[in-house]
Amino acid sequence: MKLRRPRFLHGGTITAAVAMAARVSNQLALVVVTLFATRMLQPADFGVFAIAAAFITLSRTMLYTGPFEYLLKAPEARAVPVASACLAANGVVAGGWCALLVALGIAAPLLFAGTGVGAVMLALAPSTLVAALAGWLEAMLLRSGQVRRYYAMTVAIEVASGLGAIALLIAGYGLWALVAQVYLRLALFVIAYRIVLVLPCLPRPEWSELREVLRWSRSRYGSVVVGFLANYSGDLLLGIAFSPAAAGLYRASNRMVTALADMFNQPAGLLATTTMAAARSRGEAGSEIWLRLLALFAALSWPALAVLALLADRIAPLALGPAWAAAGPIVAVFCVARMAGLVATVASSALVVNDRHGRVLSIQGLAAIATAGLTLFAAPYGPRAAAMASAVVAILAALALAHAALRTARHDRTALGETARAVLVPLFGGFCAALLADTLLRRAGIQQGWSIVLVAGSAGAGWLLAAWSVFPALNRGLSMLGGRAQAA
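These figures come from a predicted structure and were not determined experimentally.

1. Some details on the overall build of the chain
Across its full length, the chain holds 17 helices and zero strands. Within the chain, counting contacts between residues at least 6 apart in sequence, those at least 24 apart form 86% of the total. For the chain, the exposed area adds up to about 20,600 Å²; of that, 68% sits on carbon and sulfur atoms.

Have a look at this one:
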């Protein structure tokens, strides 16, 4: 007698599970490296790296958008010439960024309080050239539909580069260990992608094709810049107005929350883009895909972030060290911002796939201006006020992007209501269980470190009970990841 596989163990479940496991491993590696760094580096040293790494992050993000996305959605008949043009476009952008970062490194002593930012920025500038090749190879791998292999390699490489950074930190190389990790990670990605890919023979890029790729990418580059200002203006303004130590406190808190949030946000954005792009290439509307995926990933991530915010004042000093006790309130604020960030990520994917990236740019542009303005106003009041300014704008931007995505195609009211229930029921179930357990433990005078485990366990039990009641809606999101929808 042949046993039937449970209904929820379809291809979408496996894909989502692989993606989630990959991000858990990646973020675990990031958290471990961060914990080692915060214990071996002073906040000022960590802040120096945070300021320099912010600009490297901007350049690298540009190399994973624009031509990256253009290549993913290119028709099969034009795949080879488009691939050649996209590689050339990434090379042009990387060269420009390398020159700009060298100039910023030279001018850093005039821009930022304290010392050391310029040397780190100059050391990291050439990494953009390696990132250009890595980004192009990643797009080719995802275009081939090898999503699970991509995530498996990502896990191995993130862990290997994290172990390398930890070894260098223990050996006493300080913040230069973090610089070395950037190069090690990119080099391993290039080698791994090249091993598994069978690349076509690329012709000389056509000037008209290259110009079209860069023209299409302009608004995406604009979105990256404004997104960078929205996410990193706090680091930069605190580094200018106060010191790298204030920027370090702000960035360590942000990274701690991002490590948890990106376990869900990054797979949500990538899988939403590839799934909707595949649906569009087959002539399907796919208008409900982003709502289903938002419900699936929000039901997983929002309760976890809400519980982290509840326990932030106790988790921060335990995780980062006693010198970072002031990070607790900042962590709680960033939890709210990252909850909104999931909505913005999935809605942006829906708009980009439907060629509405201009709308994404306009909304993110306003958000960046608002974030910079509010952060400039709040920076004199410290890192917590700067984080609150960022969170307020993140919520407003997420609402605007979601509204724009809903207007792109008509959505059934029943689907909207089902999405809302699938998100809110697990959130309230998990958070209320955690709050009840925390209140009872406080009244009993139990506030030791292991009480965090009891609260987290209670949250998990409450989440399971609540999520089971909306499982059919969550399963519909999983089903959208099955079959050919995995491949762009």
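2. Structural notes on helix H5 (residues 117–124)
Regarding H5, the residues found buried are Val117, Gly118, Val120, Met121 and Leu124. For H5, the arc enclosing every buried residue in end-on projection is 165 degrees, short of the 170-degree limit, so these residues lie on one face.

3. Quick notes on the nonpolar core
Across soluble globular proteins, you tend to see nonpolar side chains buried next to one another. Formed by 152 residues in total, the largest nonpolar core has its most connected members in Leu71, Val120, Trp290, Trp302, Leu308 and Leu342. The dominant element in this core, judged by the number of residues it contributes, is helix H11 (residues 289–320), at 22 residues. Excluding residues that lie within four positions of it along the chain, valine 120 makes contacts with Val48, Phe49, Ala52, Leu175, Trp176 and Val179.

4. Considerations on the packing of aromatic side chains
Taken as a whole and judged by the stated rule, the model has four aromatic pairs. Seen in terms of ring centroids, tyrosine 70 and tryptophan 216 are 5.6 Å apart; in terms of plane orientation they differ by 70 degrees. Their pairing is edge-to-face. Within this pair, whereas tyrosine 70 is found in helix H3 (residues 67–72), its partner tryptophan 216 is found in helix H9 (residues 207–241), the two being separated by 146 residues in sequence. For tyrosine 70, a relative accessible area of 13% puts it in the buried group. For tryptophan 216, a relative accessible area of 8% translates into the label buried.

5. As for helix H13 (residues 357–378)
Think of an α-helix as turning once every 3.6 residues; residues three or four places apart then point the same way. For H13, spanning 22 residues, the distance from its first C-alpha to its last is 30 Å, which sits close to the expected 32 Å at 1.5 Å a residue. When H13 is considered as a whole, its buried residues turn out to be His357, Val360, Ile363, Gly365, Ala367, Ala368, Thr371, Thr375 and Ala378.

6. Digging into the pattern of salt bridges
By the definition in use, this model includes seven salt bridges. As a salt-bridge pair, aspartate 313 and arginine 314 come within 3.6 Å of each other at their nearest N and O atoms. For arginine 314, a relative accessible area of 13% corresponds to the buried category.

7. A few points about the environment of serine 59
In this structure, serine 59 sits in helix H2 (residues 43–63). Spatially, the C-alpha atom of serine 59 lies 6.7 Å from that of threonine 128, the residues being 69 residues apart in sequence. For serine 59, the contacting residues outside a window of four places in its chain are Trp97, Leu101 and Thr128.

8. So, the packing of helix H12 (residues 327–353) against H13
Where H12 meets H13, the axes come as close as 7 Å, and the angle between the chain directions of the two elements is 140 degrees. It follows from the interaxial angle that H12 and H13 lie oblique. Touching Ser348, Leu351 and Val352 of H12 are His357, Val360 and Gln364, all from H13. Residue composition of the contact of H12 with H13, grouped by class: three nonpolar, three polar and no charged.

9. Re the side chain of threonine 65
When you line up the elements, threonine 65 lands in the loop between H2 and H3. There is a polar contact of 3.3 Å between the side chain of threonine 65 and the backbone oxygen of methionine 62. Not counting the four nearest positions on each side in its chain, threonine 65 is found in contact with Arg220, Tyr221 and Val224.

10. Structural notes on the side chain of asparagine 265
Residue position: asparagine 265 is located in helix H10 (residues 244–281). Asparagine 265 gets classed as buried once you look at its relative accessible area, which sits at 6%.

11. As for the packing of H11 against helix H17 (residues 471–479)
The contact between H11 and H17 brings their axes to 8 Å, and the two run at 115 degrees. Regarding H11 and H17, the two cross each other, and that crossing is left-handed. Residue-level inspection shows Arg292, Leu293, Ala295, Leu296 and Ala299 of H11 in contact with H17, the latter providing Leu474, Arg476, Gly477 and Leu478. Split into classes, the residues belonging to the contact of H11 with H17 amount to six nonpolar, one polar and two charged.

12. Some points on the confidence of the model for the chain
Counting all residues, the mean pLDDT for the chain is 80, and 84% of those residues have values of 70 or more. Considering each helix and strand of the chain separately, the mean pLDDT is smallest for helix H1 (residues 11–40), with a value of 64, and largest for helix H8 (residues 176–196), with 91. Every residue in residues 1–11 scores below 50 in pLDDT, and together they form 13 contacts with partners more than four places removed in sequence or on other chains.

13. Observations regarding the environment of valine 360
Here valine 360 lies in helix H13. Look at valine 360 and you get buried, because its relative accessible area is 1%. Residues valine 360 and alanine 344 lie 16 residues apart in sequence; the distance between their C-alpha atoms is 9.5 Å. Setting aside its immediate chain neighbours within four residues, valine 360 contacts Arg220, Ser223, Ser348, Leu351, Val352 and Leu401.

14. Observations regarding a nonpolar patch on the surface
A contiguous nonpolar surface patch, about 510 Å² in accessible area, is contributed by Val336, Leu374, Val392, Ile395, Leu396 and Leu399. With four residues, the single largest contributor to the nonpolar patch is helix H14 (residues 383–408). For leucine 399, the location among the structural elements is in helix H14.

15. Points about the environment of cysteine 86
Relative to the helices and strands, cysteine 86 resides in helix H4 (residues 79–111). Since its relative accessible area comes to 1%, cysteine 86 is described here as buried. When the C-alpha atoms of cysteine 86 and arginine 211 are compared, they prove to be 10.0 Å apart, with 125 residues separating the residues in sequence. With sequence-adjacent residues up to four places away left out, cysteine 86 is seen in contact with Pro67, Tyr70, Leu71, Trp136 and Val213.

About the cut-offs
Residues numbered from 1 in each chain as written. Predicted model: local features only at pLDDT ≥ 70, side-chain atom pairs only at ≥ 80, totals over all residues. Heavy atoms only, no water. Helix = DSSP H or I, 4+ residues; strand = E, 2+ residues; numbered from the N terminus. Contact = heavy atoms within 4.5 Å. Areas by Shrake-Rupley, 256 points an atom, 1.4 Å probe, with all protein chains shown as cover. Buried < 20%, exposed > 50% of the residue type's maximum accessible area, 1.4 Å probe, protein only. Arc of directions from axis to C-beta. Core = buried A, V, L, I, M, F, W, Y, C linked by side-chain atoms within 4.5 Å. Phe/Tyr/Trp six-rings, centres within 6.5 Å; stacked < 30°, edge-to-face > 60°. Expected span 1.5 Å × (residues − 1). Salt bridge = Lys/Arg side-chain N within 4 Å of Asp/Glu carboxyl O. Axes fitted to C-alpha atoms, helices over the stretch in contact; angles between N-to-C directions. Parallel < 35°, antiparallel > 145°, perpendicular 65-115°, else oblique. Nonpolar A, V, L, I, M, F, W, Y, C, P; charged D, E, K, R; others polar. Polar contact = N/O pair within 3.5 Å; in protein donor to acceptor, adjacent residues only side chain to side chain. Left-handed = near helix turned anticlockwise from the far one by under 90°. pLDDT = per-residue confidence, 0-100. Patch = residues over 30% accessible without salt bridge, like charges linked within 9 Å, V, L, I, M, F, W, Y side chains within 5 Å.

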